[in-house]
Amino acid sequence: MRAVTVVPLKANTVDLTELPEPPLEDGPVLVKTREIGVCGTDIEIIAGDYGWAPTGSDRLALGHESLGEVLEAPEGSGFVPGDFVVGIVRRPDPEPCLNCAIGQWDMCRNGNYTEWGIKQHHGYARERYRITPDFLVKVAPALGDLGVLLEPTTVVAKAWDHIERIGARAKWEPHIVLVTGAGPIGLLAALLGVQKDMEVHVLDQVTTGLKPDLVAALGATYHHGDIASTGCIPDIVLECTGVGQLVFDAMDAMAPNAVLCLTGVSSKGRSLGIDAGELNRHMVLENDVVFGSVNANRSHYEAGAQALAQADAAWLGRLISRRVPLQSWKEAYQHQPEDVKVVLEFAR
Ligand code: BGC
């Protein structure tokens with residue numbers, strides 16, 4: 001069967017190659033891949049900066065954002081042929097650590113987790129895969145192919161879950177949210193903020209095109225420029241760019257008791273001049289919290305599925321700015337200026 005694969009840590013090895021049918025030991029549920037979402041992590045893997053092949057293989061099949069259709073499922077598995085499903089990305093470490101032992105693999109402590117399409121297991125960018133039912137999530141039939149947005153939504157569902165847990169350390173009635181970056185993660189973070197009845201502001205660099213429109217259509221406010229020019233004093237910041245300057249500017253701009261969640265993975269090697277003493281003083285005197293958030297556990301897949309089911313399907317549809325058929329697969333990984341979320345179609 002066909003799969004989009006790379007030799008990890010070797011730039012420009014991405015290709016549409018043949019892989020054997022999925023092995024039975026991967027699980028009793030057989031799924032046909034319909035769509036794969038492309039994200040920054042895929043681009044990093046293709047550039048040779050990230051990714052690990054499965055043991056015994058040179059190549060890694062990409063694809064951690066997926067939507068599939070069940071072809072075969074054993075009775076009692078909770079799935080039947082025709083179900084639209086999304087596979088979970090991370091698997092707990094085999095030890096398992098304290099967190100993996102209780103299903104919180106997104107908080108793995110020893111780094112020995114695996115991730116489909118990223119770390120030591122083939123991803124979903126192949127025509128078929130096998131999986132165990134406990135790592136498969138059903139998508140509401142009404143959502144159809146928009147279900148491919150579930151995985152990025154789980155990332156922000158986790159971020160919001162942890163923001164709320166941290167906020168609960170004291171009485172807290174957050175109202176103003178600043179999201180930096182209007183890519184898919186930023187826009188989905190803003191969607192969840194609006195669903196929580198917050199006043200949401202989104203900051204990005206562009207001044208025209210789809211992003212400002214998508215923010216306005218949510219009922220949120222779009223800004224461009226720097227954080228100071230937004231005039232916001234946010235209770236919550238979701239930093240979705242990984243740009244160092246924005247991270248520090250956000251720390252400086254927050255309201256007392258604010259929570260800043262970092263979701264963007266930055267490139268290494270960029271240094272900034274900052275007044276660390278001033279920053280420390282400000283954070284201590286205002287009880288501010290800055291924390292990082294990655295991946296998602298099953299509870300976040302459930303929260304994400306609920307958020308998507310409540311969202312306006314037309315808005316979600318606009319988030320997918322480009323669909324690329326498998327025969328033109330290369331184009332899915334080539335950035336175009338108007339891109340928000342690009343999807344590679346395997347079978348529809
Ligand atoms: C994925 C996460 C994953 C992270 C780090 C992200 O793109 O959405 O599931 O944990 O990359 O590998």
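Residues numbered from 1 in each chain as written. Predicted model: local features only at pLDDT ≥ 70, side-chain atom pairs only at ≥ 80, totals over all residues. Heavy atoms only, no water.

Trainee: Would you mind showing me how to read the side chain of Glu-69 here?
Mentor: Summarising the element assignment, Glu-69 is placed in strand E5 (residues 65-72). Among the polar contacts made by the side chain of Glu-69, one reaches the side chain of Arg-34 at a distance of 3.0 Å. When neighbours within four sequence positions are excluded, Glu-69 is seen to be in contact with Leu-30, Val-31, Lys-32, Arg-34, Gly-82, Asp-83, Phe-84 and Val-85. (Helix = DSSP H or I, 4+ residues; strand = E, 2+ residues; numbered from the N terminus. Polar contact = N/O pair within 3.5 Å; in protein donor to acceptor, adjacent residues only side chain to side chain. Contact = heavy atoms within 4.5 Å.)

Trainee: Teacher, can you tell me more about the state of the cysteines here?
Mentor: Put plainly, a disulfide is one covalent bond tying together the sulfur atoms of two cysteines. All told, the structure shown has zero disulfides when counted by the stated rule. The closest cysteine sulfur to the non-disulfide-bonded Cys-232 is located on Cys-240, 14 Å from its own sulfur. Relative accessible area serves as the criterion here: at 10%, Cys-232 is assigned to the buried category. In this structure Cys-261 is not part of a disulfide, and its nearest cysteine sulfur, from Cys-240, lies 7.5 Å away. Residue class for Cys-261 comes out buried when judged on its relative accessible area of 0%. (Disulfide = S-S within 2.5 Å. Buried < 20%, exposed > 50% of the residue type's maximum accessible area, 1.4 Å probe, protein only.)

Trainee: Would you mind showing me how to read the site of the ligand here?
Mentor: With respect to spatial proximity, the complete set of residues near the ligand consists of Cys-39, Thr-41, Tyr-50, His-64, Val-89, Arg-90, Glu-115, Ile-118, Glu-151, Val-155, Val-294 and Asn-295. Within the side chain of Thr-41, a nitrogen or oxygen atom sits 2.5 Å from an oxygen atom of the ligand. Here His-64 contributes a side-chain N or O atom positioned 3.3 Å from an oxygen atom of the ligand. Alone, the ligand offers 320 Å² of accessible surface; in the complex the protein occludes 88% of this. Classifying every residue of the shell around the ligand gives six nonpolar, three polar and three charged. (Near = heavy atom within 4 Å. Areas by Shrake-Rupley, 256 points an atom, 1.4 Å probe, with all protein chains shown as cover. Nonpolar A, V, L, I, M, F, W, Y, C, P; charged D, E, K, R; others polar.)

Trainee: How should I be thinking about the sheet that holds strand E14 (residues 221-224) in this particular structure?
Mentor: Each strand in a sheet pairs with its neighbour through backbone hydrogen bonds, running either in the same direction (parallel) or in the opposite one (antiparallel). Pairing is parallel across the open sheet formed by six strands, whose spatial order is E14-E13-E12-E15-E16-E17. Whereas interior strands pair on both sides, the edge strands pair on one side only; in this sheet they are E14 and strand E17 (289-292). Looking at each pair of strands side by side, their axes are set apart by 20 degrees on average, direction ignored. With four bridges joining them, strand E12 (residues 176-180) and strand E15 (residues 236-239) adopt parallel strand pairing. Looking at E15, one finds that Thr-180 is bridged to Glu-239. Lying over the sheet, helix H3 (residues 184-195) contacts E12, strand E13 (199-204) and E15, oriented at roughly 170 degrees with respect to E13. (Pairing = 2+ DSSP bridges. Axes fitted to C-alpha atoms, helices over the stretch in contact; angles between N-to-C directions.)

Trainee: Would you mind going over the pattern of salt bridges with me for this structure?
Mentor: Close approach of charged atoms allows side chains of opposite charge to pair. For the structure on display, the rule yields 18 salt bridges. Salt bridges sharing partners connect three or more residues here, namely Arg-34, Glu-69 and Asp-145. (Salt bridge = Lys/Arg side-chain N within 4 Å of Asp/Glu carboxyl O.)

Trainee: In this structure, what is going on with the layout of surface pockets? I would like to understand it.
Mentor: Rolled over the atoms, a probe sized like a water molecule indicates the empty space that remains. In this model, the second largest pocket occupies a volume close to 260 Å³. Taken together, Thr-241, Gly-242, Val-243, Gly-244, Gln-245, Val-247, Phe-248, Val-265, Ser-266, Ser-267, Arg-270 and Leu-272 form the lining of the second largest pocket. (1 Å grid on protein atoms, 1.4 Å probe; cavity = no way out; pocket = protein on both sides within 12 Å on 5 of 7 lines; lining within 4 Å. Points joined across faces, edges and corners; volume = space filled by probe spheres on them.)

Trainee: Which parts of the structure should I look at to understand the domain arrangement of the protein?
Mentor: How big an interface is tends to be stated in terms of accessible area lost as the parts join. The domain boundaries assigned to the protein delineate domain 1 (2-138 + 320-345) and domain 2 (154-292). One C-alpha centre belongs to domain 1, the other to domain 2; they are set 29 Å apart. For the pair domain 1 and domain 2, the summed buried area comes to about 590 Å², and 66% of that belongs to carbon and sulfur atoms. For the pair domain 1 and domain 2, the number of links is one salt bridge. Lys-158 is the partner of Asp-106 in a salt bridge, and the nearest nitrogen-oxygen pair spans 3.1 Å. Linking domain 1 to domain 2 there are one residue pair in polar contact (both at pLDDT 80 or more). Broken down by class, the residue content of the side of domain 1 that touches domain 2 amounts to two nonpolar, one polar and four charged. (Domains from an automatic or database assignment. Buried area = accessible area lost by both parts, 1.4 Å probe.)

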